[in-house]
Amino acid sequence: MRLSEKPAVGKPLRFFLEYQNTGRQPAQDVFYEPDSYSYNKEMAVDVAARTKRNVEECKSKQPNGGQLTIFPGKQTFTPYQIKKSNNLITRAVTSGSDIVLISGCFVYRTLDELHRTAFCFEYDASNPQEDDEGKPIMNFCLSGNYAD
């Protein structure tokens, strides 16, 4: 996951989620639901519990008929702007004492089979990472990732 720019207080935060359908069949009726929040690094145990709940909720979600179809190959979602991002990006986030976390769930069908994929990414300003173009990237969380 890439960010549009380095998080700054008062600026909207947009991210680009790159994904790939590695199968041979199109993923149909794709339902995609992100969640975002920030947390203090000292609350890692609480965050692990929340990401575990997100995975369990993802396992029970149903796709919406007639939604997006994703064909095999690499693609990128259009930029997603986090709701309430002005409240999300605080001085604690930009200083590195708080971490921004984005978790979510993909639900889709291949032929008549239902699949779910939960994901979790985090941005830590005290240990920033960049892609080849110099854009900030988010790292995988230690928990909160799942695929069936």
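Residues numbered from 1 in each chain as written. Predicted model: local features only at pLDDT ≥ 70, side-chain atom pairs only at ≥ 80, totals over all residues. Heavy atoms only, no water.

Quick word on the overall build of the chain
How we decide: Strands here are runs of E lasting at least two residues and helices are runs of H or I lasting at least four, both read from the DSSP assignment and numbered beginning at the N terminus. C-alpha atoms define the radius of gyration in this analysis, and the globule rule sets the expected value at 2.2 Å times the number of residues to the power 0.38. Working definition: with a 1.4 Å probe on protein chains only, accessible area under 20% of the residue-type maximum means buried, over 50% means exposed, and in between means partly exposed. Contacts are residue-level and defined by heavy atoms, with any inter-residue pair within 4.5 Å sufficient. Using a 1.4 Å probe, accessible areas were evaluated by the Shrake-Rupley method; residue-level cover was limited to the displayed protein chains. Charged residues are defined narrowly, with Lys and Arg counted positive, Asp and Glu counted negative, and His plus the chain ends left uncounted. Here the site of a charge means atom NZ of a Lys, CZ of an Arg, CG of an Asp or CD of a Glu.
When helices and strands are tallied, the chain shows three helices and 13 strands. A compact globule built from 148 residues should have a C-alpha radius of gyration of about 15 Å, and the chain, at 16 Å, falls within 12% of that. With respect to the three principal axes, the spread of C-alpha positions in the chain is 45 × 35 × 25 Å. Going through the 148 residues of the chain one by one, you find that 39% of them count as buried. Here the analysis covers contacts within the chain between residues at least 6 apart in sequence; of these, 71% occur between residues at least 24 apart. Approximately 8,600 Å² of the chain is accessible, and the part contributed by carbon and sulfur atoms is 47%. Separation between the mean location of the 18 positive side-chain charges and that of the 19 negative ones in the chain comes to 3 Å.

A few points about the packing of aromatic side chains
Heads up, the condition is: Aromatic contacts are taken between Phe, Tyr and Trp rings whose centres are within 6.5 Å, Trp giving its six-membered ring; a plane angle under 30 degrees counts as stacked, one over 60 as edge-to-face, and the others as tilted.
Tallying each qualifying case throughout the model produces six aromatic pairs. Taking the centre distance of 5.1 Å and the plane angle of 25° together, the rings of Y32 and F106 count as stacked. Residue Y32 is found in strand β4 (residues 27-40), and its partner F106 is found in strand β8 (residues 98-110); the two are separated by 74 residues along the sequence. For F106, a relative accessible area of 11% puts it in the buried group. Between the aromatic rings of Y32 and F119, the centroid separation amounts to 6.2 Å while the plane-to-plane angle is 20°, which identifies the pairing as stacked. Here Y32 is found in strand β4, whereas its partner F119 is found in strand β9 (residues 113-123), with 87 residues between them in sequence.

What about the nonpolar core?
Which entries qualify depends on this criterion: Here, nonpolar core means buried Ala, Val, Leu, Ile, Met, Phe, Trp, Tyr and Cys residues that are tied together by side-chain atoms lying within 4.5 Å of each other.
Ranked by size, the top nonpolar core spans 21 residues in total, and within it M1, L17, V100 and M138 carry the most contacts. Counting only elements with at least two residues in this core, the list comes to β4, β8 and β9. The element contributing the most residues to this core is β8, with four residues. What M1 contacts, discounting residues up to four positions off in sequence, is F15, F16, L17, I102, F119, F121, P136, I137 and M138.

Points about the pairing of β9
We apply this condition: Any two strands with at least two DSSP-identified bridges between them are counted as paired.
As paired strands, β8 and β9 are joined by eleven bridges and run antiparallel to one another. Pairing of Y108 across the sheet is with H115, part of β9. Between the end of β8 and the start of β9, which pair antiparallel, lie two residues, with L111 showing a positive phi angle near 55°. Here β9 pairs with strand β13 (residues 146-147) via two bridges, running antiparallel. Within β13, the residue paired with T117 across the bridge is A147. The pairing of β9 with strand β12 (residues 139-140) spans two bridges and is classified as antiparallel. The partner of F121 across the bridge, within β12, is F140.

So, the pattern of salt bridges
We apply this condition: Only one rule defines a salt bridge in this text: a Lys or Arg side-chain nitrogen within 4 Å of an Asp or Glu carboxyl oxygen.
As enumerated under the stated definition, the model contains eight salt bridges in all. The salt bridge involving E18 is made with R2; its shortest N-O contact spans 3.3 Å. Residue E18 is located in strand β3 (residues 18-21), and its partner R2 is located in strand β1 (residues 2-3); the two are separated by 16 residues in the primary sequence. The exposure class of R2 is buried, given its relative accessible area of 18%. For K61, the salt bridge goes to E33, with nearest N and O atoms at 2.9 Å. With K61 in the loop between α1 (44-58) and β5 (68-70) and E33 in strand β4, this residue pair connects regions lying 28 residues apart in the sequence. Residue classification places E33 among the partly exposed residues on the basis of a relative accessible area of 33%. The network of salt bridges with common partners includes R2, E18 and D131.

What is shown is where atoms sit, not what they do.
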